[in-house]
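So you can see what is in the structure, the chains are spelled out below.
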Amino acid sequence: MVKGLVIKSTGSWYTVRDAEGNTVACKIRGSYRIKGLRSTNPVAVGDRVEFSVLDDGSGIISHIEDRKNYIIRRASNLSREYQLIASNIDQAVLVISLVQPKTLMAFVDRFLVSAEAFRIPVVLLFNKLDLYGEEELIQMNSLVEIYENIGYQCLAVSLKSGLHTDKLRALFAGSTSVVSGNSGVGKSTLLNFLDPELNLKTSEVSSSHQSGQHTTTYAEMFLLPSGGYVIDTPGIKGFGTVDIEKNELFHFFPEIFKISAGCRFHNCLHLNEPGCAVIDAVISGEISESRYLSYLGLMSDMGDKYRK
Ligand code: GDP
Ligand code: ZN
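Keep in mind that this is a model prediction, so the values were computed, not measured.

A.B. asks: So what's going on with the site of ligand 1? Residues and values would help.
C.D. replies: Residues in close proximity to ligand 1 total 18 residues, the closest being Asp-130, Gly-184, Lys-187, Ser-188 and Thr-189. Contact between ligand 1 and Lys-128: an oxygen atom at 3.0 Å from a side-chain N or O atom of the residue. Between ligand 1 and the protein, one listed contact pairs an oxygen atom with a side-chain N or O atom of Ser-188 at 2.7 Å. The protein chains hide 89% of the 590 Å² of surface that ligand 1 would expose on its own. Counting residues per element, the shell around ligand 1 draws most heavily on helix H4 (residues 187–194), at three residues. Of the residues in the shell around ligand 1, the class split is three nonpolar, ten polar and five charged.

Here it is as structure tokens:
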């Protein structure tokens, strides 16, 4: 039996890398299920597995080690089945731009909620610093203050001019990361910076939106020259939302959760209840208004979802 790391999945074949760095094309024996989750594929990029090698050089995976976390997405919009995308992720680097295109903070907060639910630490990477005017710089500084206070690491760079990019190699070295962000913010540019041999195509920011695409894509893991792995998840913007109940949404806003201990009612939803410590903290400025608005927005979306 050999131990290895799944670095690529194409549905039925998995590329597994052993301790010596050899790669073996593997299939899986038997059926594996994730507890409480209907999944269309049993093995994810990032899985640590045991396999045996057959005479023809291919391998059979016989064991998957427990995952410390994983990300999934719905197999299709209406489906109750999930596609397992990647596992054992140390950090998600969320690329943000305040211009061309402008990342909406509601999108960032949604992403952070899924990441909290999947227990994946997030680093916020503000890119395109070279394009920021005075107004954007003021905005960025206030966002950095808000998110650093909550506990999220923030970095600001320009991948184009090279400003502060020296910090990026250290950020990625020695860990397994996923890179996320809305289209046009510089994800491919970032991956090419980390490993020029990847030679990924970067795209001009176009005004035509490309929504509605839902092709099957498979994640792939790259070993960076400076150490560390990056998982590329082409076409996948978020992590797919796990089913969070309305009355527990605030658990995934760390600063709201912390302050909610002071609410008068233990089942407070922080909407308009008397004695709500969260609302008091929004008024006093201790909790940022934009974060609270994201909380309200998600709450009302969840209301829609359950309306008959
Ligand atoms: P992706 O869709 O997130 O992968 O974004 P790309 O990496 O394809 O980048 C989109 C566009 O933004 C490309 O034209 C890049 O050259 C450009 N871009 C990336 N980083 C920067 C930056 O720091 N400053 C400027 N001005 N442009 C950038
Ligand atoms: Zn409350």
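Having seen the model, we can carry on.
A.B. asks: Pulling in residues and values, what's your account of the coordination of the zinc ion (ligand 2)?
C.D. replies: On the protein side, the zinc ion (ligand 2) has Cys-263 (SG), Cys-268 (SG), His-270 (ND1) and Cys-276 (SG) as donor atoms, found 2.1 to 2.4 Å from it. Bound by four donor atoms, the zinc ion (ligand 2) shows angles of 102 to 117° at the metal and therefore tetrahedral coordination geometry. Between consecutive donors of the zinc ion (ligand 2), the numbers of intervening residues give the motif C-x4-C-x1-H-x5-C. Judged on exposure class, the residue Cys-263 and its partner Cys-268 are both buried.

A.B. asks: A description of the nonpolar core should follow, citing residues and the corresponding values.
C.D. replies: If you look at the biggest cluster of nonpolar residues, it comprises 41 residues, and the most contacted ones within it are Val-108, Val-122, Leu-124, Phe-126, Met-140, Tyr-147 and Ile-231. Setting aside residues no more than four positions away along its own chain, Val-108 makes contact with Leu-94, Ile-96, Thr-103, Leu-124 and Tyr-147. In terms of nonpolar packing, the next biggest core, distinct from the first, is built from 21 residues, Ile-244, Ile-256, Cys-268 and Ala-277 among them.

Here is what the cut-offs are and how they apply
- Residues numbered from 1 in each chain as written.
- Chains lettered and ligands numbered in written order.
- Predicted model: local features only at pLDDT ≥ 70, side-chain atom pairs only at ≥ 80, totals over all residues.
- Heavy atoms only, no water.
- Near = heavy atom within 4 Å.
- Polar contact = N/O pair within 3.5 Å; in protein donor to acceptor, adjacent residues only side chain to side chain.
- Areas by Shrake-Rupley, 256 points an atom, 1.4 Å probe, with all protein chains shown as cover.
- Helix = DSSP H or I, 4+ residues; strand = E, 2+ residues; numbered from the N terminus.
- Nonpolar A, V, L, I, M, F, W, Y, C, P; charged D, E, K, R; others polar.
- Donors = N, O, S within 2.8 Å, 3.2 Å for Na, K, Ca; no water.
- Tetrahedral: all angles 85-135°; square planar, octahedral: opposite > 155°, others 65-115°.
- Buried < 20%, exposed > 50% of the residue type's maximum accessible area, 1.4 Å probe, protein only.
- Core = buried A, V, L, I, M, F, W, Y, C linked by side-chain atoms within 4.5 Å.
- Contact = heavy atoms within 4.5 Å.

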